[in-house]
Amino acid sequence: HIIKSIAKKAAKKTSLEEAKREIAGEIVKQEKGPEVAQNFAEKVLNELKAGKTGEETLLKHSISWQDSGDFSLDSSYIPGIGSKPEILGAALNLKKDSELYQQVINTGNQSYIVKLKSKTKVDLANVDEKELDNVSTSLKFSLGYDAFLKFKKLANKRFEDNNEIYRNAEYLALDNPP
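Residues numbered from 1 in each chain as written. Predicted model: local features only at pLDDT ≥ 70, side-chain atom pairs only at ≥ 80, totals over all residues. Heavy atoms only, no water.

**Student:** I'd love a proper account of the layout of surface pockets, names of residues and values included.
**Tutor:** Its boundaries defined by the atoms lining it, the largest pocket holds a volume of some 2200 Å³. Sorting elements by how many residues they give to the lining of the largest pocket places helix α1 (residues 16-49) first, with 13 residues. Residues belonging to the lining of the largest pocket are distributed by class as follows: 15 nonpolar, 15 polar and 15 charged. The space that makes up the second largest pocket amounts to roughly 1700 Å³. In terms of lining residues, the second largest pocket is bounded by 44 residues, among which S68, F71, A91, K115 and L116 are the most central. (1 Å grid on protein atoms, 1.4 Å probe; cavity = no way out; pocket = protein on both sides within 12 Å on 5 of 7 lines; lining within 4 Å. Points joined across faces, edges and corners; volume = space filled by probe spheres on them. Helix = DSSP H or I, 4+ residues; strand = E, 2+ residues; numbered from the N terminus. Nonpolar A, V, L, I, M, F, W, Y, C, P; charged D, E, K, R; others polar.)

Here it is as structure tokens:
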């Protein structure tokens, strides 16, 4: 057996029944947490798509938008989020200010609703050829990645519907420790 230590805590005395409840709570949180977060994010996204104001919906659920900060088309990193290609691809496909990406994006144990705050146009007269090539490559990537995500979703649905795929939750959890 391999044992991985994830935290160091002070010793405490507890009854067997109390320990069982704590352990059961942790197991439920690990196994059901991503599913609950996904369902919650989809509920919020559906409310936003139905035309409810963002502030009204967010206050109702006691959540708020997290601003990522500025990034460019040729970025491979979004401040505050990281380098998750799913989110980068979604953000780069949004065209208008305040536009919502039409799907919840799941990466590991986290679910994201992506909304474009604003876009700033670049003065192309001051951009050199190499930078234009970088932007072009990034744009092609984001369009291709969006198509890939749609294909992946359809393929996963078909495989899961036909019981042709099995997800080992313990193995997948190795990439996203608690």
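Moving on from the model shown.
**Student:** Go over helix α4 (residues 129-161), please, and point to the residues and values.
**Tutor:** Since the α-helix advances by 3.6 residues per turn, residues separated by three or four positions end up pointing in the same direction. The end-to-end C-alpha separation of α4 is 48 Å, in line with the 48 Å expected for 33 residues at 1.5 Å each. Taken together, the buried positions of α4 are occupied by S138, S142, Y145, D146, L149, A155 and N156. The secondary structure elements touched by the buried residues of α4 are α3 (85-93). Two residues or fewer past α4, N163 is found with a positive phi of approximately 50°. (Expected span 1.5 Å × (residues − 1). Buried < 20%, exposed > 50% of the residue type's maximum accessible area, 1.4 Å probe, protein only. Contact = heavy atoms within 4.5 Å.)

**Student:** Help me get a handle on the side chain of E47, residues and values and all.
**Tutor:** With respect to the helices and strands, E47 occurs in helix α1. In contact with E47, not counting residues within four places along its chain, are K52, T57, K60 and H61.

**Student:** Which residues make up unusual backbone geometry, and what are the values?
**Tutor:** For S98, which is not a glycine, the phi torsion comes out positive at approximately 65°. On the secondary structure map, S98 appears in the loop between α3 and β1 (105-107). S98 gets classed as partly exposed once you look at its relative accessible area, which sits at 48%.

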